[in-house]
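# Close look at the chain arrangement
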Amino acid sequence: MTFEDGSKRWSILYTPERLKNNLSRTDLDPPGLFIQHMIIVRSYDEKDVERTLRYLESENELLSASKPLG
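The notes below deal with the structure included here. (Residues numbered from 1 in each chain as written. Predicted model: local features only at pLDDT ≥ 70, side-chain atom pairs only at ≥ 80, totals over all residues. Heavy atoms only, no water.)

## So, the overall build of the protein chain
From N to C terminus, the protein chain includes two helices and four strands. The linear arrangement of helices and strands in the protein chain, starting from the amino end, is β-β-α-β-α-β. Against the compact-globule benchmark of 11 Å for 70 residues, the protein chain has a radius of gyration of 14 Å, which places it well outside the compact range. Projected onto its principal axes, the C-alpha positions of the protein chain cover 45 × 25 × 20 Å. In the protein chain, buried positions account for 23% of the 70 residues. Within the protein chain, residue pairs in contact and separated by at least 24 positions form 67% of the contacts whose partners lie at least 6 positions apart. Total accessible area on the protein chain is roughly 5700 Å²; 51% of this is exposed by carbon and sulfur atoms. Charge separation in the protein chain, taken as the distance between the mean sites of 10 positive and 12 negative side-chain charges, equals 3 Å. (Helix = DSSP H or I, 4+ residues; strand = E, 2+ residues; numbered from the N terminus. Rg over C-alpha atoms; globule rule 2.2 N^0.38 Å. Buried < 20%, exposed > 50% of the residue type's maximum accessible area, 1.4 Å probe, protein only. Contact = heavy atoms within 4.5 Å. Areas by Shrake-Rupley, 256 points an atom, 1.4 Å probe, with all protein chains shown as cover. Lys, Arg positive; Asp, Glu negative; His and termini not counted. Charge placed at Lys NZ, Arg CZ, Asp CG, Glu CD.)

Laid out in structure tokens, this is it:
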């Protein structure tokens, strides 16, 4: 993501289905995970992603949900 001040940040986008698929893997050890800077969206549809990011930004949560690039 590129912010208005020119800074660039990244975040991991997951859908509930992708999260479920990862947690359903039989070779997952330990059987759980913790991922910082993860944003869960309903779908990878551009409108869903854009709306979610704009909401997080309006709530001043986008910085904590992302990490500086580099």
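## Examining the environment of P16
In this fold, P16 is placed in helix α1 (residues 16-23). Sequence separation between P16 and L28 is 12 residues; the distance between their C-alpha atoms is 17 Å. Look past the residues within four positions of P16 in its chain and what remains in contact with it is I40, V41 and R42.

## Some remarks on the nonpolar core
Counting residues in hydrophobic clusters, the biggest one holds eight residues: F3, I39, V41, V49, L53, L56, L62 and A65. Sorting elements by how many residues they give to this core places helix α2 (residues 46-58) first, with three residues. Contact partners of L53, with chain neighbours within four places excluded, come to M1, I39 and L62. (Core = buried A, V, L, I, M, F, W, Y, C linked by side-chain atoms within 4.5 Å.)

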